[in-house]
Amino acid sequence: CLRAYGFGRDSRHVYIAYEFVPGRTYREALRAGELADDDAIEACAQVCDGLAHAHAAGILHRDVKPSNVLLTDGDRVSARVLDFGLAQMADAETLTEAGDVPGTLAYISPERLAGGEATPAADVWAVGVMLWEALAGRHPFWRGSMLETARTIEAGARPLGELRPDLPKRLLRVVDSTLAKNPARRPTA
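Notes on the structure follow. (Residues numbered from 1 in each chain as written. Predicted model: local features only at pLDDT ≥ 70, side-chain atom pairs only at ≥ 80, totals over all residues. Heavy atoms only, no water.)

Inspection of the secondary structure assignment puts Leu-113 in helix H3 (residues 110-113). Separated by 41 residues in sequence, Leu-113 and Glu-154 have C-alpha atoms that sit 8.1 Å apart. (Helix = DSSP H or I, 4+ residues; strand = E, 2+ residues; numbered from the N terminus.)

It is the contact of helix H2 (residues 37-56) with helix H4 (residues 120-136), at a shortest axis distance of 10 Å, that shows an interaxial angle of 170°. The orientation of H2 with respect to H4, classified from their angle, is roughly antiparallel. Side by side, H2 and H4 meet where Asp-37, Ala-40, Ile-41, Cys-44, Val-47, Cys-48, Leu-51 and His-55 of the first sit next to Pro-120, Asp-123, Val-127, Met-130, Leu-131, Ala-134 and Leu-135 of the second. Across the contact of H2 with H4, the residue classes tally to twelve nonpolar, one polar and two charged. (Axes fitted to C-alpha atoms, helices over the stretch in contact; angles between N-to-C directions. Parallel < 35°, antiparallel > 145°, perpendicular 65-115°, else oblique. Contact = heavy atoms within 4.5 Å. Nonpolar A, V, L, I, M, F, W, Y, C, P; charged D, E, K, R; others polar.)

With respect to topology, three strands assemble into an open sheet ordered S3-S5-S6, the strand pairing being antiparallel. With partners counted over all chains shown, the strands left at the sheet margins are strand S3 (23-25) and strand S6 (79-81), one partner each. For this sheet, the mean angle separating the axes of adjacent strands, direction not counted, is 30°. The strands touched by H2 within the sheet are strand S5 (69-72) and S6, with S6 carrying the most contacts at an inclination of about 40°. (Pairing = 2+ DSSP bridges.)

Further remarks concern the nonpolar core. Here is a general trend for soluble globular proteins: nonpolar side chains tend to be buried in one another's company. Core analysis: the largest hydrophobic core is formed by 37 residues, its most contacted members being Tyr-26, Leu-35 and Val-47. Contributing elements (two or more residues each) for this core: helix H1 (26-31), H2, S5, S6, H4, helix H5 (146-155) and helix H6 (169-178). Top element by residues in this core is H4. It accounts for nine residues. Once you skip the residues sitting within four places of it in the chain, Leu-35 turns out to touch Tyr-26, Ala-29, Leu-30, Ala-40, Leu-71 and Ala-134. (Core = buried A, V, L, I, M, F, W, Y, C linked by side-chain atoms within 4.5 Å. Buried < 20%, exposed > 50% of the residue type's maximum accessible area, 1.4 Å probe, protein only.)

Within this structure, the stated rule accounts for one aromatic pair. With 5.3 Å between their ring centres and 15° between their planes, Trp-125 and Phe-141 make a pair best called stacked. Of the two residues, Trp-125 is situated in helix H4 and Phe-141 in the loop between H4 and H5; the sequence distance between them amounts to 16 residues. An identical accessibility class is assigned to Trp-125 and Phe-141; each is buried. (Phe/Tyr/Trp six-rings, centres within 6.5 Å; stacked < 30°, edge-to-face > 60°.)

Side-chain alternation along S5 places Val-69 and Leu-71 on one buried face and Leu-70 and Thr-72 on a second face that is also buried. In this structure, S3 lies alongside S5, joined through three bridges in antiparallel fashion. Following the sheet pairing, Thr-25 is matched in S5 by Leu-70. Linkage of S5 to S6, two consecutive antiparallel strands, is achieved through a turn of six residues, within which Gly-74 is found at a positive phi near 150°.

Let us now look at unusual backbone geometry. Within the chain, Arg-62 stands out as a residue other than glycine whose phi angle is a positive 70°. Along the polypeptide, Arg-62 turns up in the loop between strand S4 (59-60) and S5.

For H5, the full list of buried residues reads Thr-149, Ala-150, Thr-152 and Ile-153. All buried residues of H5 project into a common sector of 160° when viewed along the axis, lining one side. In H5, the exposed positions angled more than 90 degrees off the buried face are occupied by Leu-147, Arg-151 and Ala-155. Buried residues belonging to H5 abut H3 and H4. (Arc of directions from axis to C-beta.)

Side chains of residues three or four places apart in an α-helix project in the same direction, reflecting 3.6 residues per turn. Here H4 is 17 residues long and its end C-alpha atoms lie 24 Å apart, about the 24 Å a rise of 1.5 Å per residue gives. Counting buried residues along H4, 15 of its 17 residues qualify, which places the element largely inside the surrounding structure. (Expected span 1.5 Å × (residues − 1).)

In structure tokens form, the structure reads like this:
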């Protein structure tokens, strides 16, 4: 996770001061076609490590997506989870109202889409979407409209092996399990 150095607010804003780390987002690397399978897998594994650390501290990110993951400049993959602005912390007030579904639609889990509680499993779902997208070369759920996208999320993802039968079976099982419609069937971060 990117280090946070300070928090504050004024009459109109809440802010977090983060460390500066040169690099580009996972989204930028995907769009440029410069994210090899091994690099995408390693980056998502590191994101899971960061989320596991946050989850152990009672923090749910609630907006994991490619533009909230920084790939630092350098010779090897080094990922940082960004933007905990929608995070939910145990025993703390949130900036959202009851019933709100914060986050980015294309990375929101089906239980959150249905108005269910945020859990670590929803963050794991989002990492699974990111990895499926990188390995398949397209998003598993995004369609032309928000309504169509929501319906596709509710229906569930196609098995990644249908598009990438060349990938190791163990990897395919892990990616598919992160996208299980039942959050209890997803692995932990």
